[in-house]
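The chain contents come next:
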Amino acid sequence: MAHILVINSSISGDKGQSNQLSQQFLQQLPAGFSVDTLDVAQDSYPHLAMAEIGAWMTPESDRTPEQKALAALSDNAIAQVKKADAIVIGVPMYNFGIPSQLKAYFDRLARAGITFKYTETGPVGLLDDKPVIVLATRGGLYQGTAADSQTPFVQSFLNFIGLKDIHFVYAEGLNMGAESAEKALTAAKARLAELAPAVAA
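Everything quoted here is computed from the prediction, not taken from an experiment.

A.B. asks: So what about the overall build of the protein chain? Which residues, and what values?
C.D. replies: Secondary structure assignment for the protein chain yields six helices and seven strands. Relative to its length of 201 residues, the protein chain is compact, with a C-alpha radius of gyration of 17 Å against a globular reference of 17 Å. Dimensions of the protein chain, computed from C-alpha atoms along their principal axes, come out at roughly 60 × 40 × 35 Å. Counting across all 201 residues of the protein chain, residues that qualify as buried make up 47%. Sequence separation of at least 24 residues holds for 75% of the intrachain contacts in the protein chain that already meet a minimum separation of 6. By element, 54% of the accessible surface of the protein chain is carried by carbon and sulfur atoms, the whole surface being about 10,100 Å².

Written out as structure tokens, the structure is:
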């Protein structure tokens, strides 16, 4: 039975197109899967601070209660990713970038010696690879242009921690009229239907 981790980041909640696409994708999966849903917009992580990094670098047995609580933010996030057989990430575009809440979450996944390490030939990701579906929803048209800072950043970050089986599903032009939005969402849903069998395997 496949276990799916869904990471939503739309500040619009259930009205957000990326959140809706993630739910529609789950509905397309064959029965028998389990799911964990994390909404980083609703249950947001604070911006990363040196106190938290210091907690990571302190041996677990030597951590103060405050450090244990800080380290748990990252420990729990990484444990969820490790547990999952596949990951779905909703990534709306805000001001040409990913939501700041999602960036704060990503900061908890990058842990030297745990999710990546540096070698003489460069960084090596330490997480076991698994399918990652990235639902990229945009009001305008950005795919393949210099204004799309999301795609290279998200791909580089996930590769950095060992996740390389990445599938970007774009829904663009959502604020360019009803016809444009309907066309984009229909294409995105069709692509998700193609990906569903492999993710649930």
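A.B. asks: Break down the sheet that holds strand β3 (residues 86-92) for me, with residues and values.
C.D. replies: Taking strand neighbours across the sheet as the criterion, the five strands line up as β2-β1-β3-β6-β7 in an open arrangement whose pairing is parallel. In the strand order of this sheet, the two ends are held by β2 (34-39) and β7 (166-171), each with one partner. Looking at each pair of strands side by side, their axes are set apart by 15° on average, direction ignored. Sheet topology places strand β1 (residues 3-8) next to β3; four bridges connect them, and they run parallel. Bridge pairing links Leu 5 to Ile 87 in β3. Here helix α1 (residues 17-28) sits on the sheet and contacts β1, β2, β3, β6 (132-137) and β7; the angle it forms with β6, its principal contact strand, is near 145°. The strands that helix α5 (residues 150-160) touches are β3, β6 and β7; relative to β7, the one it contacts most, it runs at about 160°.

A.B. asks: Report on the packing of helix α4 (residues 100-109) against α5, specifying residues and quantitative values.
C.D. replies: For the pair α4 and α5, the least separation of the axes is 11 Å and the interaxial angle reads 20°. Here α4 is positioned roughly parallel relative to α5, judged by the angle of their axes. Crossing angle aside, the handedness with which α4 passes α5 is left-handed. The segment α4 lies against α5, with Lys 103, Phe 106 and Leu 109 engaging Phe 153, Val 154 and Phe 157.

A.B. asks: Break down unusual backbone geometry for me, citing the residues and quoting the values.
C.D. replies: We note that Asn 95 has phi near 50°; this positive angle belongs to a residue other than glycine. Position of Asn 95 among the secondary structure elements: in the loop between β3 and α4. Asn 95 sits in the exposed class, given a relative accessible area of 76%. At Phe 96, a position not held by glycine, the phi torsion is positive, near 75°. Mapped onto the elements of the fold, Phe 96 is located in the loop between β3 and α4. When its relative accessible area of 49% is taken as the criterion, Phe 96 is described as partly exposed.

Calculation rules
Residues numbered from 1 in each chain as written. Predicted model: local features only at pLDDT ≥ 70, side-chain atom pairs only at ≥ 80, totals over all residues. Heavy atoms only, no water. Helix = DSSP H or I, 4+ residues; strand = E, 2+ residues; numbered from the N terminus. Rg over C-alpha atoms; globule rule 2.2 N^0.38 Å. Buried < 20%, exposed > 50% of the residue type's maximum accessible area, 1.4 Å probe, protein only. Contact = heavy atoms within 4.5 Å. Areas by Shrake-Rupley, 256 points an atom, 1.4 Å probe, with all protein chains shown as cover. Pairing = 2+ DSSP bridges. Axes fitted to C-alpha atoms, helices over the stretch in contact; angles between N-to-C directions. Parallel < 35°, antiparallel > 145°, perpendicular 65-115°, else oblique. Left-handed = near helix turned anticlockwise from the far one by under 90°.

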